[in-house]
Amino acid sequence: MKPRIVIALGDPAGIGPEIVSKALQDERVHACCTPLVVGDPLALTLHRQPLPRAPMLAVPGLNKRLRLGHPSAEAGRSAIDSLTQATTLLMAGQAEALVTAPVSKESFDSAGLGFPGHTEWLAVQVGSKPVAMLMVAGPLRTILMTRHIPLQDVSCCLTAARVRESARLGFDFIRRILKKKHPRLVACGVNPHAGDGGLIGKDEMKTLRPALRALAREGILVTGPLSADSVFRDMAKGTYDLVLAAYHDQGMIPLKLYAPDRLVNITLGLPFIRTSPGHGTAFDIAGKNRADARPMIEAIILAARYSQ
C-alpha cells in the first residue's frame, strides 16, 4: 500500500503553489504515494496554476489582493494555517509523512509567529526536542549543527551537547531509516584545516573532540573533526554516510553545487517524516511560471520512501 503524504503549500506569495502543482503532474509522484494537498486554493489561482491532481483540504483565508513575490503577515498566517491542518492529520494517524513547500522568515516575523521557520515550529507543536536539519542531495547528506545564525555566533552556539544531539539523530536516521547497521559519520571542523592543532582556532579542541569522545563511549563512532574542504568529496566517493557540518554554509554550499535539483531538507527528531525542497520561496520569480519543481518532486519521493 502506498504511503499517504500530506503536502502543505507553504508561503502563498512564493513559488510553493507553483512547484506543488507542477510536482503533482509528475507520474513518479503518484506512483510512489497517495498525496493530499493542504492550503488555500486561491493561492493556486493567483499563481495561474491548475488545481493539483490530488485531493485538497482547503484552508481559506487569503485575500485576492495578496502580492506575489512579497513577504507579508497574511502570507505567514496562511502558511501556518496550512501547516497546522497538515500536522493535525499526521498526529491523528491519517497520513504517514509531511512535505512542505518553502516559507518565508520575513512573513513569519511579520505575522508575529515567534518562529524562524518550519523546523522550530514543528518541534514545538509536536513536542519533539531535540530536532535537526538534515540536508540531502543524492548521495550527500549533512546535518547542520547550527542553522540560521550569524557566522560570528557559531563558536558559542556549537556546544558539545549540540554536537552529541546532532550525531545521535544522524546515527539513528542512518541505521533505522537507511537500514545501515554501522553508520559512518564524520564531523567537520569549525576552522580551516580543522584548527591545525589549535593554531587556527580552539573550537575543535575545546568542543568537538570532547563531544566525539563522549559519543564513542555511547557506541556512536564519528570520524574527525576533519577539514571541511575534503570531507564532502570523500562522501561523494562513498567513504561516509553523513557529515556533521558546523554551520549553515559549510554544509549547504557543497550540496547545492553537487546536485541542486535534488536538494531536500529532512527534519530529524519528529514522530513522522517531514521533507521539503532545499530552497527558499524565490520571491523574484513567484507568479512567473519559471520555478523548477524537481526538488519538490524529490522531496515527495524521499518522504514516501522513508515513511515505508
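Owing to the predicted nature of the structure, the values given are computational and were not obtained by experimental measurement.

### Considering the environment of Gln25
Now for step 1: Mapped onto the fold, Gln25 is located in the loop between helix 1 (16-23) and helix 2 (27-32).
Now for step 2: A sequence separation of 112 residues divides Gln25 from Ala137, and the C-alpha atoms of the two residues are 22 Å apart.
Now for step 3: Residues in contact with Gln25, not counting those within four places in the same chain, are Pro50 and Arg53.

### Structural notes on helix 11 (residues 248-258)
Now for step 1: For helix 11, the set of buried residues is Gln250, Gly251, Met252 and Leu255.
Now for step 2: Buried-residue contacts for helix 11 involve strand 5 (132-137), strand 6 (140-144), strand 7 (185-188), helix 10 (228-236), strand 9 (242-245) and strand 10 (263-268).

### Focus: the packing of helix 10 against helix 11
Now for step 1: Where helix 10 meets helix 11, the closest approach of the two axes is 11 Å, and the angle between their N-to-C directions is 40 degrees. In terms of their interaxial angle, helix 10 and helix 11 are classed as oblique. When the axes of helix 10 and helix 11 are compared, the crossing they make is right-handed. For the pair formed by helix 10 and helix 11, the contact residues are Ala228, Phe232 and Ala236 on the first element and Gln250, Gly251, Pro254, Leu255 and Tyr258 on the second.
Now for step 2: Its residues placed into classes, the contact of helix 10 with helix 11 shows six nonpolar, two polar and no charged.

### Some remarks on the sheet that holds strand 2 (residues 34-39)
Now for step 1: In space, the eleven strands of this open sheet follow the order 3-2-1-4-11-10-5-6-9-7-8, with mixed pairing throughout. Edge positions in the sheet fall to strand 3 (56-58) and strand 8 (222-226), since each of these pairs with one other strand and no more. Averaged over all pairs of adjacent strands, the angle between their axes in this sheet comes to 25 degrees, without regard to strand direction.
Now for step 2: With five bridges connecting them, strand 5 and strand 6 associate as antiparallel partners. Considered in strand 6, the bridge of Val136 is made with Arg141.
Now for step 3: Strand contacts of helix 6 (residues 118-125): strand 4 (97-100), strand 5, strand 10 and strand 11 (273-277), with the helix running at about 165 degrees to strand 11, the strand carrying the most contacts.

### A closer look at the environment of Ala86
Now for step 1: Mapped onto the elements, Ala86 comes out in helix 4 (residues 73-91).
Now for step 2: Considering only alpha carbons, one finds Ala86 and Leu215, 129 residues apart in sequence, at a separation of 35 Å.

### What about the pairing of strand 7?
Now for step 1: What you see with strand 7 is no split at all: Leu185 and Ala187 on one side and Val186 and Cys188 on the other are buried throughout.
Now for step 2: Each parallel crossover has a hand, and for strand 7 linked through helix 9 (residues 203-217) to strand 8 it is right-handed.

### Brief notes about the pairing of strand 11
When a strand is regular, its side chains alternate between the sheet's two faces.
Now for step 1: With respect to burial, strand 11 is a largely interior element, five of its five residues being buried.
Now for step 2: On strand 11, burial covers both faces: Ile273, Thr275 and Pro277 on one face and Arg274 and Ser276 on the other are all buried.
Now for step 3: Across three bridges, strand 4 lies against strand 11 in parallel orientation. Counted as the bridge partner of Ala97 is Ile273 from strand 11.
Now for step 4: Two strands pair when backbone bridges link them, and strand 10 and strand 11 are joined in this way by four bridges, in the antiparallel orientation. Looking at strand 11, one finds that Asn265 is bridged to Ser276.
Now for step 5: Here strand 10 folds back onto strand 11 in antiparallel fashion, the turn holding four residues, of which Gly269 has a positive phi close to 105 degrees.

### Re the pattern of salt bridges
Now for step 1: Applying the stated rule across the entire model yields 13 salt bridges.
Now for step 2: We note a salt bridge from Glu218 to Arg168, for which the minimum N-O separation is 2.7 Å. Taken together, the residues span a long stretch of sequence, with Glu218 in the loop between helix 9 and strand 8 and Arg168 in helix 8 (residues 160-177) at a distance of 50 residues.
Now for step 3: Salt-bridge contacts for Arg233 lead to Asp234; the nearest nitrogen and oxygen are separated by 3.3 Å.
Now for step 4: Given the relative accessible area of 48%, Arg233 is considered partly exposed.

Conventions used here
- Residues numbered from 1 in each chain as written.
- Predicted model: local features only at pLDDT ≥ 70, side-chain atom pairs only at ≥ 80, totals over all residues.
- Heavy atoms only, no water.
- Helix = DSSP H or I, 4+ residues; strand = E, 2+ residues; numbered from the N terminus.
- Contact = heavy atoms within 4.5 Å.
- Buried < 20%, exposed > 50% of the residue type's maximum accessible area, 1.4 Å probe, protein only.
- Axes fitted to C-alpha atoms, helices over the stretch in contact; angles between N-to-C directions.
- Parallel < 35°, antiparallel > 145°, perpendicular 65-115°, else oblique.
- Left-handed = near helix turned anticlockwise from the far one by under 90°.
- Nonpolar A, V, L, I, M, F, W, Y, C, P; charged D, E, K, R; others polar.
- Pairing = 2+ DSSP bridges.
- Right-handed = clockwise from strand over helix to strand, strands pointing away.
- Salt bridge = Lys/Arg side-chain N within 4 Å of Asp/Glu carboxyl O.

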